[in-house]
Structure formats: structure tokens, C-alpha cells
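Here's the letter readout for the chains.
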Amino acid sequence: ALLAGAALPPVIAACSPAEGSATNPGAANERRFANTQWRQLTDDQWRQRLPAPSYDTLRHEATERPGTSPLLNEHRAGTFVCAGCGLELFQSAWKFDSGTGWPSFFRVNEANVGTKSDFQIGYERIEYHCAQCLGHQGHLFNDGPQPTGLRYCNNGVALRFVPAA
């Protein structure tokens, strides 16, 4: 399996057929945001709010071309937030150059993401998304650096960078 043997954080370890159960922290994260304005927006409202590449990725799980995100070269101190709703997902100190062409992080704000199994390309991957607006962010792999060994491979168009004050 893709993540076999990895020391996964609870939100990821909970991905299973029981996803959505009361014991799944990812589902609990999503329930925490269930009544927010972001869940009330229609697809047309999302299309109007977001640039086309962000809309395609966040709302329909598209993937941007590797090497195209300006966030690959973002090295200032700050926070990476969901481009859909502004929820804080990553700190700049958690970013690393994975060589894949997508912004990559070895840690995520676990309280602000949900996960699910994704079989779109013929085998199982773990997809993660913003728990507040449910916007698709990217996929999780177990080939990242220490201390976690994880790589959150994120679509740059799904993020916005907020520099530290």
C-alpha cells in the first residue's frame, strides 16, 4: 500500500472504510465547520469567486501542471492558507523542495484538513482537502523528510501565501 508502514498523523491514519465515523478526526474536523458560509456557496458562486485554475482544482479536484506555481519559490516567513476560504493550512517552516514541481510540506495544521481515499488514477492515494470549504488541496505521500517522513503535495492554485507581519 502507498502509506504502508508510515507513522501517520491521526487525521490520516483514520482514512478507512469507516471514514465519516465519529472516531475519524478528519470527519470531526469537517463537522466542526459544517455550518459555515463556505458550505452554503453554490458551484456557480464558487466559479465567480475563484480564478479558473483555482476553481477547477478546489471544486473539481483538478491538478495544476508541475513547475507552474509561483509558490514553489516562496521562501518568506508566513502562512499558506486555502485559496477558497482562507483557512490556515501550512506554516512556511514546514515547506520543503520535494523536486516534484508542486509546493510540498512535511506537516499540516491537522485540525484544518479532512482526508479521503482517491482512486482516480487507478490506485489508492490519500487526498486531503480544506475542512472548512472542502476544497481539494492535494495528495499525501510517505516520502517526505524528517521529522514526519510525510509529503503533503499541494496544488499551488489551491493556496494563498500570507507573509508574516
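A brief report on the enclosed structure follows. (Residues numbered from 1 in each chain as written. Predicted model: local features only at pLDDT ≥ 70, side-chain atom pairs only at ≥ 80, totals over all residues. Heavy atoms only, no water.)

**What about the overall build of the protein?**
Quick reminder of the rule: Secondary structure elements are defined from DSSP: runs of H or I of at least 4 residues count as helices, runs of E of at least 2 residues count as strands, and each element is numbered from the N terminus. Note on classification: 1.4 Å probe, protein chains only; a residue is buried when its accessible area is under 20% of the maximum for its type, exposed when over 50%, partly exposed between these limits. The contact criterion used is simple: two residues touch if any of their non-hydrogen atoms lie within 4.5 Å. To be clear on the numbers: accessible area is Shrake-Rupley with a 1.4 Å probe, and residue cover counts the displayed protein chains and nothing else.
Assigned secondary structure in the protein consists of four helices and nine strands. Counting across all 165 residues of the protein, residues that qualify as buried make up 47%. The contacts in the protein between residues at least 6 apart in sequence include a share of 57% that link residues at least 24 apart. Working note: accessible area of the protein is about 8,100 Å², and carbon and sulfur atoms make up 52% of it.

**Digging into the sheet that holds strand β9 (residues 159-163)**
The test is simple: Note on pairing: DSSP must find at least two bridges between two strands before they are called paired. Note on geometry: axes are lines fitted to C-alpha atoms, helical ones only across the stretch in contact, with angles between N-to-C directions running from 0 to 180 degrees.
One open sheet accounts for three strands, arranged β2-β1-β9; its pairing is antiparallel. Looking at which strands have only one partner, the edges of the open sheet turn out to be β2 (88-91) and β9. Direction aside, neighbouring strands of the sheet carry axes that sit 30° apart on average. Both strand β1 (residues 78-82) and β9 contribute to a ladder of five bridges, which runs antiparallel. Paired with V81 across the bridge in β9 is R160.

**Focus: the side chain of S92**
This is how the line gets drawn: Polar contacts, as counted here, are pairs of nitrogen or oxygen atoms within 3.5 Å of one another; within protein the pair requires one atom able to donate a hydrogen and one able to accept it, and residues that are adjacent in sequence qualify only if both atoms are side-chain atoms.
Residue placement: S92 occurs in the loop between β2 and β3 (95-96). Here the side chain of S92 touches R76 through a polar contact of 3.5 Å, landing on its backbone oxygen. Not counting residues within four places of it along the chain, the set of residues in contact with S92 comprises R76, A77, G78, F80 and F161.

**A look at the nonpolar core**
Convention followed: In this text, buried Ala, Val, Leu, Ile, Met, Phe, Trp, Tyr and Cys residues form a nonpolar core when linked through side-chain atoms within 4.5 Å.
Membership of the largest hydrophobic core comes to 30 residues, with the highest contact counts inside it found for F80, C82, C85, F90, C133, Y152 and L159. Only α4 (52-60), β1, β2, β6 (125-130) and β9 provide two or more residues apiece to this core. If one sorts the elements of this core by residue count, β6 sits on top with three residues. Apart from the residues within four sequence positions on either side, F90 is in contact with G78, T79, F80, F105, R107, V108, Y128, Y152, N154 and L159.

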